[in-house]
Amino acid sequence: MSWTSQKKSCTTLSMSTNANEIVPLKPGSFVALVTPFNPENGEVDIPALRTLLQFHLESGTDGLCILGTTGEASTLSMKERELVLKIAVEMVKGKIPILVGTGTIDPMHVKEMTLQAMDLGCDASLVVTPYYVKPPQRGLVKHFVDAADLGLPVMIYNVPGRTGVDCKPESIALCAEHENIVAVKEATGDLTRLDQIRQLTTANKLLLYSGDDSTEAEFVLRGGDGCVSVTANVAPKAMHELMMAALRGDKDEVNRINTSLSKLHEDIFCEANPIPAKWAMQRIGKINSAYCRPPMDQLDPQFEGLVEEALSAAGLI
């Protein structure tokens, strides 16, 4: 029986067994985790996944963002998602929040993935604006509210550079009236968005996270709550320390930490994410292979020196 056909029973089970166990999202550094694969058969590399999860627990990562764009979620089947989520829940549940990407174009598939995440014990869903189809603002509001109605806390993900649609601050303010819409991942790189959203949601406090590694420190210094970071895959301890310093308003410490990370923030996107991130993780010995599922590919050799220099500048090699 499919997740969709079990939606009623899944909702009941989730709300009865997991509601009291939900770990609230909190300020700090959430890692946009890569999904390691075995290059010989393309399957999820379970031992490597376990190693990564333990790495982040030991490094002070404040939250886990799993099965997002960086996790190549669009290439994973529902069965593979179940496998990854079960391992994440087994290893980190109750220690750090587990945020799961459940966003896509089709609202019914959003529902299917969200119910699965609920049933398996995850803490929140990351729902991206429906990409490519460019819905109107009222359609975006309904999309997020419908996801929130399922009962799992929702983080709205606004990344118009990838999706072709921008969820405006006014639309986010309407969404914030729903009690289960608790956070926004703002990845426009426009720091003024933080101020606009804060001004429009004073009655409904949202956690606001940067989704842009190059500007995340300034985002938090201006009043944001943290980041969902690709850089944190390879530098989780430094990213945690960076976010804590920014949350304290310690600009000198922010500048000290970010000086060594600034090249990594930029060059980890020298090709499409997560291609450089996976190469970097293999280079520092955290995964066995930089294999990405098609249509992605491994890092073009011309960029290897660039990423290696960034890792060296960050003190990682």
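Residues numbered from 1 in each chain as written. Predicted model: local features only at pLDDT ≥ 70, side-chain atom pairs only at ≥ 80, totals over all residues. Heavy atoms only, no water.

K.L.:
Quick question: what am I supposed to make of helix α11 (residues 251-267) here?
P.N.:
Residues three or four positions apart in an α-helix share a direction because the helix packs 3.6 residues into each turn. Compared with an ideal rise of 1.5 Å per residue, which puts 17 residues at 24 Å, α11 spans 23 Å between its outermost C-alpha atoms and is within 8% of the ideal. S260 marks where α11 bends most, by close to 50°. Within the span of α11, buried status applies to V254, I257, N258, L261, L264, H265 and D267. Along its buried surface, α11 packs onto α9 (216-221), α10 (236-248), α12 (275-283) and α13 (304-313). (Helix = DSSP H or I, 4+ residues; strand = E, 2+ residues; numbered from the N terminus. Expected span 1.5 Å × (residues − 1). Bend = angle between axes of the 7 residues up to and from the residue. Buried < 20%, exposed > 50% of the residue type's maximum accessible area, 1.4 Å probe, protein only. Contact = heavy atoms within 4.5 Å.)

K.L.:
Help me out: how do you make sense of unusual backbone geometry in this one?
P.N.:
What is expected of a backbone is that most residues other than glycine have negative phi and most peptide bonds are trans. Following N273, the chain continues into P274 via a peptide bond in cis, with omega recorded as 10°. Of note, the amide linkage connecting P294 to P295 takes the cis form, showing an omega dihedral of 10°. Structurally, P295 can be placed in the loop between α12 and α13. In the Ramachandran plot, L67 falls in the positive-phi region, its phi being about 60° despite a non-glycine side chain. Among the secondary structure elements, L67 is positioned in the loop between β2 (63-66) and α3 (78-92).

K.L.:
I would appreciate a short explanation of the sheet that holds strand β3 (residues 98-101) in the present structure.
P.N.:
Two orientations exist for strands paired in a sheet by backbone hydrogen bonds: parallel and antiparallel. The strand order β1-β2-β3-β4-β5-β6-β7-β8 describes a closed barrel built from eight strands, whose pairing is parallel. On average, each strand axis in the sheet is inclined to that of its neighbour by 25°, with strand direction left out of account. Bridging between β2 and β3 involves three bridges; their strand directions are parallel. Of the residues in β3, the one forming a bridge with L64 is I98. (Pairing = 2+ DSSP bridges. Axes fitted to C-alpha atoms, helices over the stretch in contact; angles between N-to-C directions.)

K.L.:
I'm lost on the pattern of salt bridges in this one. Help?
P.N.:
Pairs can form between side chains of opposite charge once their charged atoms are near each other. Inspection of the entire model under this criterion finds 17 salt bridges. One salt bridge connects K237 with E241, and the closest N-O pair in it is separated by 2.5 Å. One end of the pair is K237 and the other is E241, both in helix α10 and four residues apart, which spans about a single turn. With a relative accessible area of 32%, E241 lands in the partly exposed category. Within this structure, D166, K168, E186 and R193 form a network of salt bridges that share partners. (Salt bridge = Lys/Arg side-chain N within 4 Å of Asp/Glu carboxyl O.)

K.L.:
Would you explain a nonpolar patch on the surface in this entry?
P.N.:
Side chains of I105, Y131, Y132 and V133 sit close together on the surface and give an oily, nonpolar patch of about 410 Å² of accessible area. Along the chain, V133 turns up in the loop between β4 (124-128) and α5 (137-148). (Patch = residues over 30% accessible without salt bridge, like charges linked within 9 Å, V, L, I, M, F, W, Y side chains within 5 Å. Areas by Shrake-Rupley, 256 points an atom, 1.4 Å probe, with all protein chains shown as cover.)

K.L.:
Honestly, the packing of α12 against α13 in this entry has me stumped. Any pointers?
P.N.:
When two helices pack together, their arrangement is given by the angle between the helix axes and by the axis-to-axis distance. Two numbers describe how α12 lies on α13: the axes approach to 10 Å, and their chain directions differ by 60°. Between α12 and α13, the interaxial angle falls into the category oblique. Classified by chirality, the crossing of α13 by α12 is right-handed. Between α12 and α13, the contacting residues are P276, W279, A280 and R283 on the first element and E304, V307, E308 and L311 on the second. (Parallel < 35°, antiparallel > 145°, perpendicular 65-115°, else oblique. Left-handed = near helix turned anticlockwise from the far one by under 90°.)

K.L.:
Is there a simple way to explain the side chain of T102 in this structure?
P.N.:
Mapped onto the secondary structure, T102 falls in the loop between β3 and α4 (107-120). Taking the relative accessible area as the measure of exposure, T102 reaches 0% and is therefore buried. Polar side-chain contacts of T102 include one of 3.0 Å to the side chain of T114. (Polar contact = N/O pair within 3.5 Å; in protein donor to acceptor, adjacent residues only side chain to side chain.)

K.L.:
Even after reading the chapter, I still don't get α4, so can you show me in this structure?
P.N.:
End to end, α4 covers 20 Å across 14 residues, agreeing with the expected 20 Å (1.5 Å per residue, within 8%). For α4, a buried count of ten out of 14 residues is recorded, marking the element as mostly surrounded by other parts of the structure. Among all positions of α4, only V110, E112, M113, T114, L115, Q116, A117, M118, D119 and L120 are buried. If you check the start of α4, you find a side-chain oxygen 3.0 Å away from the backbone N of M108, and it comes from D106. Looking one or two residues past α4, G121 carries a phi angle of roughly 100°, positive in sign.

K.L.:
In this structure, what is going on with the pairing of β3? I would like to understand it.
P.N.:
Alternating residues of β3 divide into I98 and V100 and L99 and G101, and every residue in both groups is buried. Note that the unit made of β2, α3 and β3 has a crossover that is right-handed. Pairing between β3 and β4: three bridges, direction parallel. Within β4, the position partnered with L99 by the bridge is A124. Crossover connection from β3 via α4 to parallel β4: handedness right-handed. (Right-handed = clockwise from strand over helix to strand, strands pointing away.)

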